[in-house]
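Structure assessment
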Amino acid sequence: MKRKAYAKINLNLIILNKIEDGKHYLDSVFHKIDLCDDIEIEENDLDRCVISCNKKELENDNLILRAYEILKKRYKIKGLNVKLTKRIPMQAGLGGGSSNVATFIKMVNDYFNLNMTEKALNRIGKELGSDVIPCYYDEPVNVHATGYLVSKIISRMEFDLVVIKPNLECNTGLMYKKLDAIKNREIPDKNGFIVQALYYNDLDLLVNNLFNSFEEVVNCKEIKKDLIDSGSIGALLSGSGSSVFGIFRSREDAKRAYEELSKKYECYLCKSINNHLKK
């Protein structure tokens, strides 16, 4: 079985208060894009999970291994060989690791006909990380609390974008610590406007309400300016960084910007992913 695991961007990411266990409440809109990794699985006789990957450091340090152990304990599944082809840059705020493990869990569910309920899928996702449950969906979702309250957003919108990955890695835990040190942070209420923009296919409303709390601790002003100067109508840091995306009015505009910006940055020409458009 072979599937694609798509990257995500945050059209809005508002970090709210910190709770007792060190986690944070947040409001965010996740949207998948067509930048993706490939995952292929097949049974083996080793009674364990074996990962082969073009990024060798991920073969023994990977959430997929932890997910496999949880699934094996609960459903007695057989050993698996997993071939992972990485294209999504790491520590970039694009949810590559979370999308990989979310896709793997759904693949195992289908491969072994486990018939897991949504509740069962979410229980496993919650054990593995706050971004895993939102990454189950290849459509825009509204995310609240600590990442575990997820609701689908009905949308027919498509948009083109350029993603820039600077030569910088952002550790999520460290970014949260830096954010916590700031007093009187701006906490706007923008999720409703983003949801409305997606529902009504209003690109201007969307780009006028892009917001990410982590921009207070990640310096992305130059990259955002370069995107805007290249024709983007709105640019934003994704997740806790370091990737920055710019949204464009047309594929042609995005392609021109990509060709220009690729001379300076590691760039990806992308399109939004939305399963609603297939229905």
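This write-up is about the structure you can find in this document. (Residues numbered from 1 in each chain as written. Predicted model: local features only at pLDDT ≥ 70, side-chain atom pairs only at ≥ 80, totals over all residues. Heavy atoms only, no water.)

**Section: the pairing of strand β4 (residues 79-85)**
Within a regular strand, the side chains alternate between the two sheet faces. Heads up, the condition is: In short, DSSP must find at least two bridges between two strands for them to pair. Segments assigned H or I by DSSP are reported as helices when at least four residues long, segments assigned E as strands when at least two residues long, and all are numbered from the N terminus.
Of the pairings in the sheet, the one linking strand β2 (residues 24-44) to β4 comprises 7 bridges and is antiparallel in character. Within β4, the position partnered with Ile-39 by the bridge is Leu-84. Here 5 bridges tie strand β3 (residues 49-53) to β4, and the two strands are oriented parallel to one another. Among the inter-strand pairings, Cys-49 is bridged to a residue of β4, identified as Leu-80.

**Section: the environment of Tyr-111**
This is how the line gets drawn: Remark: exposure states derive from per-residue accessible area (1.4 Å probe, protein chains only) relative to the maximum for the residue type, with buried under 20%, exposed over 50%, and partly exposed in between. Contact definition: two residues touch when any of their heavy atoms are within 4.5 Å.
If you trace the backbone, Tyr-111 turns up in helix α2 (residues 96-111). On the basis of relative accessibility, which here comes to 28%, the residue Tyr-111 falls in the partly exposed class. Separated by 110 residues in the primary sequence, Tyr-111 and Met-1 have C-alpha atoms spaced 7.3 Å apart. Setting aside residues no more than four positions away along its own chain, Tyr-111 makes contact with Met-1, Ile-41, Glu-42 and Glu-43.

**Here's the deal with the packing of aromatic side chains**
Selection rule: Centre distance within 6.5 Å is the pairing criterion for rings of Phe, Tyr and Trp, where only the six-membered ring of Trp is used; planes under 30 degrees apart are then read as stacked, over 60 as edge-to-face, and the remainder as tilted. Note on geometry: a ring has a charge over it if NZ (lysine) or CZ (arginine) is within 6 Å of the ring centre and within 35 degrees of the ring normal.
For the structure shown, the criterion picks out 3 aromatic pairs. Seen in terms of ring centroids, Tyr-176 and Phe-214 are 5.0 Å apart; in terms of plane orientation they differ by 80 degrees. Their pairing is edge-to-face. With a gap of 38 residues between them, Tyr-176 in helix α4 (residues 172-180) and Phe-214 in the loop between β8 (211-212) and α7 (221-229) connect regions that are remote in the sequence. Here Tyr-176 matches Phe-214 in class, with each residue buried. Note on Tyr-199 and Tyr-200: the rings are 4.9 Å apart at their centroids and 85 degrees apart in plane angle, and the pair reads as edge-to-face. Here the guanidinium or amino end of Lys-8 rests over the ring plane of Phe-30, the centre of that ring lying 5.1 Å away.

**Here's the deal with the sheet that holds strand β11 (residues 266-271)**
Put simply, the test is: Throughout, an axis means a line fitted to C-alpha atoms (over the contacting stretch in the case of helices), and angles, computed between N-to-C directions, take values from 0 to 180 degrees.
Pairing is antiparallel in the open sheet, where 4 strands are placed in the order β9-β10-β7-β11. Here the strands that pair on one side only, and so sit at the sheet edges, are β9 (234-237) and β11. Strand-to-strand twist across the sheet, computed as the mean angle between neighbouring axes with direction ignored, equals 20 degrees. Across 6 bridges, the pairing between strand β7 (residues 160-165) and β11 is antiparallel. Looking at the pairing, Leu-161 lines up with Cys-270 of β11. The sheet strands contacting α7 are β7, β9 and β10 (244-248), and the helix crosses β10 at an angle near 20 degrees. Across the sheet, helix α8 (residues 251-261) touches β7, β10 and β11, and the angle it forms with β11 is around 170 degrees.

**Here we look at α2**
Test applied: To estimate how far a helix should extend, the number of its residues minus one is multiplied by 1.5 Å.
If you check α2, its first and last C-alpha atoms are 22 Å apart, about what 16 residues at 1.5 Å a residue would give, namely 22 Å. Burial analysis of α2 places 12 of its 16 residues in the buried class, the great majority of the element. For α2, the complete set of buried residues consists of Gly-96, Ser-98, Ser-99, Asn-100, Val-101, Ala-102, Thr-103, Phe-104, Ile-105, Met-107, Val-108 and Asn-109. Of the surrounding secondary structure, the elements contacted by the buried residues of α2 are β1 (2-18), β2, α1 (63-75), β4 and α3 (118-128). One or two residues past the end of α2 sits Asn-113, with phi positive at roughly 50 degrees.

**Thoughts on the side chain of Asn-209**
Which entries qualify depends on this criterion: Distance and chemistry together define a polar contact, namely a pair of N or O atoms within 3.5 Å, with one atom able to donate a hydrogen and the other to accept it when in protein, and with adjacent residues in sequence counting only for side-chain atoms on both sides.
Relative to the helices and strands, Asn-209 resides in the loop between α6 (203-207) and β8. There is a polar contact of 2.8 Å between the side chain of Asn-209 and the backbone oxygen of Leu-205. Ignoring anything within four residues of it in the chain, the contact list for Asn-209 reads Leu-11, Asn-12, Lys-190, Phe-193 and Ile-194.

**Remarks on the packing of α1 against α2**
Any two packed helices are characterised by the angle at which their axes cross and by the distance between the axes. Convention followed: For this classification, under 35 degrees means roughly parallel, over 145 means roughly antiparallel, 65 to 115 means roughly perpendicular, and everything else is oblique. By convention the crossing between two helices is left-handed if the near helix lies anticlockwise of the far one by an angle smaller than a right angle, and right-handed if it lies clockwise. Gly falls in the polar group here, along with every residue not listed as nonpolar (Ala, Val, Leu, Ile, Met, Phe, Trp, Tyr, Cys, Pro) or charged (Asp, Glu, Lys, Arg).
Two numbers describe how α1 lies on α2: the axes approach to 9 Å, and their chain directions differ by 30 degrees. One way to sum up the angle between α1 and α2 is to call them roughly parallel. Note that α1 runs across α2; the crossing there is right-handed. Contacts from Leu-63, Ile-64, Ala-67, Tyr-68 and Leu-71 of α1 reach α2 at Asn-100, Val-101, Phe-104, Ile-105 and Val-108. A breakdown of the residues in the contact of α1 with α2 according to their chemical character gives 9 nonpolar, 1 polar and no charged.

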